[in-house]
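Next come the chains, spelled out residue by residue.
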Amino acid sequence: MLGYTLRRVAGTVPVLFMVSLLIFALVQLAPGDPVDMLVSDEATEEVRLAIRSAWGLDQPIYVQYLTFVKNAVMGDFGQSFRYREPVMDLILERLPASLELAIYSTLVAVAIGLPLGVWAASRPNSLVDTLGSIGGFFGISLPNFWLGILLILLFAGTFNLLPSGGRETWGLNVERVTGFLTIDAIIAGRWDALWDALRHLTLPVIVLGTNMTGIIMQITRASVLENLQEDYVMTARAKGMSGRVVLWRHAFRNALIAVITIIGLEFGTLISGAIIVETVFAWPGIGYLLLQGISFRDFPLITGLVLVYTTLFVLINLAIDMIYTVVDPRIRLG
Amino acid sequence: MTEDLLRISDLAVKFRGTPDGALAVKGIDLAIGRGEVVAIVGESGSGKSVTAKSIMRLVEYMGAEIVGGRAALSEKSGGSIDLLTLDETRMQGLRGDRIAMIFQEPMTSLNPVLTIGQQLSEVVVKHRKIGRAEADGIALNALQQVRIPEPERRLRQYPHELSGGMRQRVMIAMAILCKPDLLIADEPTTALDVTVQAEILELLKVIQRETGMAILLITHDMGVVAEIADKVVVMLKGEVVESGEIHAIFNAPKHEYTRRLLDAAPKLQARQEGSDQKERAAETPAAQDKDDANVVLSVRNLVTRFAVRQGMFQRVVANVHAVEGVSFDLREKETLSLVGESGCGKSTTGKSIMRLIRPNGGEVLLQGRNLEGVGASEMIEMRKRIQMVFQDPYASLNPRMSVEQIVAEPLRIHRVGSPSEIRDRVHGLLERVGLTRAQASLYPHQFSGGQRQRICIARALALNPKVIIADEPVSALDVSIQGQILDLLAEIQEEFSISVLFISHDMAVVERVSDRIAVMYLGEIIEIGPRDAVLGSPAHPYTQRLLSAVPIVHPDQRRNRTLGARELRSPIRPPGYVHETPPLKAVGFEHYARMA
């Protein structure tokens, strides 16, 4: 198991290398000169040249790339053009915000979608199933930005119950330990800060979670229904097992394998797909950061973020493979 | 006569969504006495399995409903309860306790994500209301009773770690945990190899004797019935056509359908009396003198191994020696059968000859031409002369092609004739295999299994091959259909002078079609010879074991067999293993066997 993990992690190195090459090439091919972003419009040609050489932009492209790779290996993605700060610091500062959002959304989606899916599967074509399916389709089809704006209008505007954006109310001053505000608040014993963080999380989590709930519900339903047709379910019934035991202990355990795959994939898209939601809710995460980076042609920032996304995806997939071995004894890693 | 344990009267079952008149089971009557073994015999669609699952009320989970009848199960206290009107909760209390069931497919009938121990003890916990530890003890006892080696270890294992025979033993253990009055066994040995089938049947007999439970056995195989049953019920299309005491059924079958089923059972023991359809091989040795001229296909020292890879660099850690030093000649118009149990390499041999799998060594000579050196274009030419018919007619026809397209495809690939000539040839072929011209435009799903296999045969015939390799061509078919397909194969073999390499595990079929038989074990041919010699006086111990495992023809011939489960021997060897295949020794006229 340990050997397998190490091999998988080692296997990500060439992937990251290819991705960095691709991103570097794409950024170079994009129109526009980054120097325009670094200097004012009135700058003289001398100033522009000085800036160009200071940032290493006068070097041949392959030198720029090799320098980038050399630094990246040491955990240095260079300076952000826009923020004039190390890219790594920027990302590390904002990553917990995105992860916190994605994790809570996934938890909510699983907590609602999984039982609903099993419930629908246990009574196919019943009222529960039909309503669940319709709701699930709504969840999958509602556009994030629209739902987000609608919820802001309703709950932040009309009812004034929840904050319309951001992660926390300014001035609470909770000590940062993990970067997850809910956890930091608990560590510090600041219940007011915990309540504040949860209130900020509510709307974006609902928006992100709605889509995922729908997908998890549909997949769970289909997978449980399929497993209920299996021979071993008939065996379980012939043993006198009650409907509940047949459903949860026998069919659901097997259905979980397909569901876990989807949860993992969706979790990955949540982290990257949260760009829109983070923008709508002014959530200071890496999605928001990426959007800023793109609009300012902040090449080091974009490259660094894409590499972080790639690494996250690889790690999530690795985690899913590990979970498989727990759920399904037939799967052995090695 | 014993007291009736279960009396079914006028049972009628209907699948939801079918018209009102179309019943799957049409009002049948059936009685099972305490400690009695009753067999329901019939083919697919006869309603035998639906009947069995109706007793357990499991049909309700298969989209069917019981529309009439009674199933009176007698109570220990006297009196009886009607199973068909019991509420679900009380029914759950009976299932697995007083009535237990085992199924056909041991590979899929156990839950893959729970250990054997978990699956066994949940039954006891449910019905006996005791703790896990005590339940584990009862589970262990049951595993010992079904003679599983190392029962303690099995409790912690998962189903995929056990062979098919072992899993069926686990299923039986699961069924006898609560000492049921009635065990319903739905085709319990159909999916198993013949030697394993013999072990499982013996085990069922012994456990039945030990516990005194009644058994309702569902099967299509009269041989299995002869081995174990006290009473027989023959079903056809949802109705009971004949029922009675076993000797009466076997000695004087009244219904024509019963006679047909009896005819389909293997008659290895009865063969000396001469009930043969094919005496050609034995009686005309002149036709098979050592003249190589009539050898159509010659296989020399064929070796096929599959590498088992592991680790980061996919290093070869072992080899599956699927085919080792296999040699034989197939003569003109001859049928040579390759027999053996699953995993013995018989199918791989067929595929290696066709070069669907690339063999690691050896030669295949088709009409004197070595297939080893031929180039790609020439191989296409050679494929014309050697065609294959596969086991599963449901999977080997492209569902999106019409029958005409399917049969014409080889002709098109090999560019034989104009479109109208191809059409005429396809129609001719379809008529030859017993289908009509009008059926040419239909699609595979519109045909029954037997008809589909006819289509496969027509496709194989399209290019006028010299050799047909038939890989278990009738194993997926009902016995009465099997006969028709085998007759068809024999006819076209005679008509088109085709040699057939017949790959099968089924001794009844092999006995019927073969001129010669080759027995395979762990990748090697261990005995080869004329049919009557191999079946009548088998020389190799494995052949003897294989033949003695074939179910008997008549209940009078019952005998005791070995009971213990054998671990399967594996053809997996470490890399670099030098496989010795010593030559076979002559033990009779053209009869060779591996002798120690």
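Bear in mind the structure is a predicted one, so any value in this text is a computation, not a measurement. (Residues numbered from 1 in each chain as written. Chains lettered and ligands numbered in written order. Predicted model: local features only at pLDDT ≥ 70, side-chain atom pairs only at ≥ 80, totals over all residues. Heavy atoms only, no water.)

Novice: Can you break down the overall build of chain A residue by residue, with the values?
Specialist: Within chain A, the secondary structure is distributed over 13 helices and zero strands. Of the regular secondary structure in chain A, the N- to C-terminal order runs α-α-α-α-α-α-α-α-α-α-α-α-α. If you line up chain A on its principal axes, its C-alpha atoms span 85 × 55 × 40 Å. Evaluated residue by residue, chain A yields a buried proportion of 46% over its 334 residues. Considering only intrachain contacts with a sequence separation of at least 6, the fraction spanning at least 24 residues in chain A is 72%. Total accessible area on chain A is roughly 16600 Å²; 68% of this is exposed by carbon and sulfur atoms. (Helix = DSSP H or I, 4+ residues; strand = E, 2+ residues; numbered from the N terminus. Buried < 20%, exposed > 50% of the residue type's maximum accessible area, 1.4 Å probe, protein only. Contact = heavy atoms within 4.5 Å. Areas by Shrake-Rupley, 256 points an atom, 1.4 Å probe, with all protein chains shown as cover.)

Novice: Pulling in residues and values, what's your account of the overall build of chain B?
Specialist: Counting secondary structure elements, chain B contains 20 helices and 23 strands. Rg of the C-alpha trace for chain B: 26 Å, near the compact-globule value of 25 Å for 596 residues, within the 12% margin. Summarising its shape, the C-alpha atoms of chain B cover approximately 80 × 55 × 55 Å along the three principal directions. The burial tally for chain B puts 55% of its 596 residues in the buried class. Here the contacts in chain B between residues at least 6 apart in sequence split such that 72% fall between residues at least 24 apart. As displayed, chain B offers around 24600 Å² of accessible surface, 51% of which is attributable to carbon and sulfur atoms. Measuring between centres, the 73 positive side-chain charges of chain B sit 4 Å from its 75 negative side-chain charges. (Rg over C-alpha atoms; globule rule 2.2 N^0.38 Å. Lys, Arg positive; Asp, Glu negative; His and termini not counted. Charge placed at Lys NZ, Arg CZ, Asp CG, Glu CD.)

Novice: Explain the nonpolar core to me, using residue names and the numbers behind them.
Specialist: Ranked by size, the top nonpolar core spans 96 residues in total, and within it Leu83 and Leu216 of chain B carry the most contacts. Residue contributions to this core peak at eight residues, all from helix α6 (residues 164-176) of chain B. Ignoring sequence-local partners within four residues, the contact set of leucine 216 of chain B consists of Leu30, Ile32, Val38, Ile40, Ile55, Leu182, Leu183, Ile184 and Ala185 of chain B. Core analysis: the next-biggest nonpolar cluster, separate from the first, contains 79 residues, Val39, Leu95, Ala156 and Ile216 of chain A among them. (Core = buried A, V, L, I, M, F, W, Y, C linked by side-chain atoms within 4.5 Å.)

Novice: Kindly report on the domain arrangement of chain A, identifying the contributing residues and their values.
Specialist: Residues and elements named next belong to chain A. If you check the domain split of chain A, you get domain 1 (2-73) and domain 2 (92-327). Distance between the C-alpha centres of domain 1 and domain 2: 33 Å. At the interface, 17 residues of domain 1 touch 13 residues of domain 2. Summing both partners gives a buried area of about 1500 Å² for domain 1 against domain 2, and 79% of it is carried by carbon and sulfur. Linking domain 1 to domain 2 there are zero salt bridges. Sorting elements by how many residues they give to the side of domain 1 that touches domain 2 places helix α1 (residues 2-29) first, with 11 residues. Grouping the amino acids of the side of domain 1 that touches domain 2 by side-chain chemistry returns 11 nonpolar, four polar and two charged. (Domains from an automatic or database assignment. Buried area = accessible area lost by both parts, 1.4 Å probe. Salt bridge = Lys/Arg side-chain N within 4 Å of Asp/Glu carboxyl O. Nonpolar A, V, L, I, M, F, W, Y, C, P; charged D, E, K, R; others polar.)

Novice: Run through the confidence of the model for chain A, naming residues and quoting values.
Specialist: Per-residue pLDDT for chain A averages 85, and the proportion of residues at 70 or more is 99%. Per-residue pLDDT, averaged within each element of chain A, yields its smallest value for helix α2 (residues 35-38) of chain A (72) and its largest for helix α10 (residues 231-238) of chain A (93). (pLDDT = per-residue confidence, 0-100.)

Novice: Could you give me a rundown of the domain arrangement of chain B, with the residues and numbers involved?
Specialist: Per the domain assignment, the segments of chain B are domain 1 (99-177) and domain 2 (295-552 + 570-593). For domain 1 of chain B and domain 2 of chain B, the distance between their C-alpha centroids amounts to 38 Å.

Novice: Got a sec to walk through the packing of aromatic side chains? Specific residues and values, please.
Specialist: All names here are of chain A. For the coordinates displayed, the defined rule picks out seven aromatic pairs over all chains. Measuring from ring centre to ring centre gives 6.4 Å for phenylalanine 68 and phenylalanine 77, while their planes differ by 25 degrees; the resulting arrangement is stacked. Judged on exposure class, the residue phenylalanine 68 and its partner phenylalanine 77 are both buried. When the ring of tryptophan 248 is compared with that of phenylalanine 252, the centres are 4.9 Å apart and the planes differ by 65 degrees; the resulting orientation is edge-to-face. Taken together, the residues span about one helical turn, with tryptophan 248 and phenylalanine 252 both in helix α11 (residues 243-280) at a distance of four residues. What makes tryptophan 248 partly exposed here is its relative accessible area of 39%. Site record: aromatic cluster; members linked through ring pairs are Phe17, Tyr65, Phe68 and Phe77. When the ring centre of phenylalanine 296 is taken as reference, the NZ or CZ atom of arginine 82 above it lies at 4.1 Å. The side chain of arginine 94 reaches across the aromatic face of tyrosine 83, ending 5.7 Å from its centre. (Phe/Tyr/Trp six-rings, centres within 6.5 Å; stacked < 30°, edge-to-face > 60°. Lys NZ or Arg CZ within 6 Å of the ring centre and 35° of its normal.)

Novice: Just give me the short version of the sheet that holds strand β19 (residues 516-521) of chain B, but keep the residues and values in it.
Specialist: Strand pairing within a sheet occurs via backbone hydrogen bonds; the two strands may be parallel or antiparallel. Residues and elements named next belong to chain B. Pairing in this open sheet of eight strands is mixed, and the strands run β16-β17-β18-β13-β19-β20-β23-β22 from one edge to the other. What marks the edges here is a single partner per strand, and that holds for β16 (386-389) and β22 (585-588). Here the strands of the sheet are splayed against their neighbours by 20 degrees on average, with no regard to which way each runs. Packing of helix α16 (residues 449-461) onto the sheet brings it into contact with β16 and β17 (467-471), and relative to β16 it is tilted by some 170 degrees. (Pairing = 2+ DSSP bridges. Axes fitted to C-alpha atoms, helices over the stretch in contact; angles between N-to-C directions.)

Novice: Before we move on, could you go through the packing of helix α3 (residues 116-128) of chain B against helix α4 (residues 132-145) of chain B and cite the residues and values that matter?
Specialist: Residues and elements named next belong to chain B. Axis separation between α3 and α4 bottoms out at 8 Å; the angle between their running directions is 115 degrees. Here α3 is positioned roughly perpendicular relative to α4, judged by the angle of their axes. The two elements α3 and α4 cross, and the hand of that crossing is right-handed. Between α3 and α4, the contacting residues are Gly117, Gln118, Leu120, Ser121, Val124 and Val125 on the first element and Arg132, Ala135, Asp136, Ile138, Ala139 and Leu143 on the second. Here the contact of α3 with α4 is built from residues that sort into seven nonpolar, three polar and two charged. (Parallel < 35°, antiparallel > 145°, perpendicular 65-115°, else oblique. Left-handed = near helix turned anticlockwise from the far one by under 90°.)

Novice: An account of the side chain of aspartate 181 of chain B is needed here, citing residue identities and associated values.
Specialist: All names here are of chain B. Turning to its location among the elements, aspartate 181 is positioned in the loop between α6 and β7 (182-186). Polar side-chain contacts of aspartate 181 include one of 2.8 Å to the side chain of arginine 98. Leaving out residues up to four positions away in the same chain, aspartate 181 has contacts with Leu5, Arg34, Lys76, Arg98, Met213 and Ala214. (Polar contact = N/O pair within 3.5 Å; in protein donor to acceptor, adjacent residues only side chain to side chain.)

Novice: Talk me through the pairing of strand β6 (residues 99-102) of chain B; I want residue IDs and the actual numbers.
Specialist: Residue and element names in this part refer to chain B. Neither face of β6 is open: one carries Ile99 and Met101, the other Ala100 and Ile102, and all of them are buried. Pairing between β6 and β7: four bridges, direction parallel. Along β7, the bridge assignment pairs isoleucine 102 with alanine 185.

Novice: An account of unusual backbone geometry is requested, with residue identities and associated values reported.
Specialist: Residue and element names in this part refer to chain A. Although it is not a glycine, asparagine 160 adopts a positive phi angle of roughly 50 degrees. Position of asparagine 160 among the secondary structure elements: in the loop between α7 (144-158) and α8 (181-188). Given a relative accessible area of 60%, asparagine 160 falls into the exposed group.

Novice: Could you give an account of helix α20 (residues 541-549) of chain B, with specific residues and numbers?
Specialist: Residues and elements named next belong to chain B. Residues Tyr542, Thr543, Leu546, Leu547 and Ala549 constitute the buried set of α20. The arc that holds every buried residue of α20, seen down its axis, measures 160 degrees, which confines them to one face. Check the buried side of α20 and you find it contacts α7 (194-211), β13 (335-339), α18 (507-513), β19, β20 (524-530) and α19 (531-536). (Arc of directions from axis to C-beta.)

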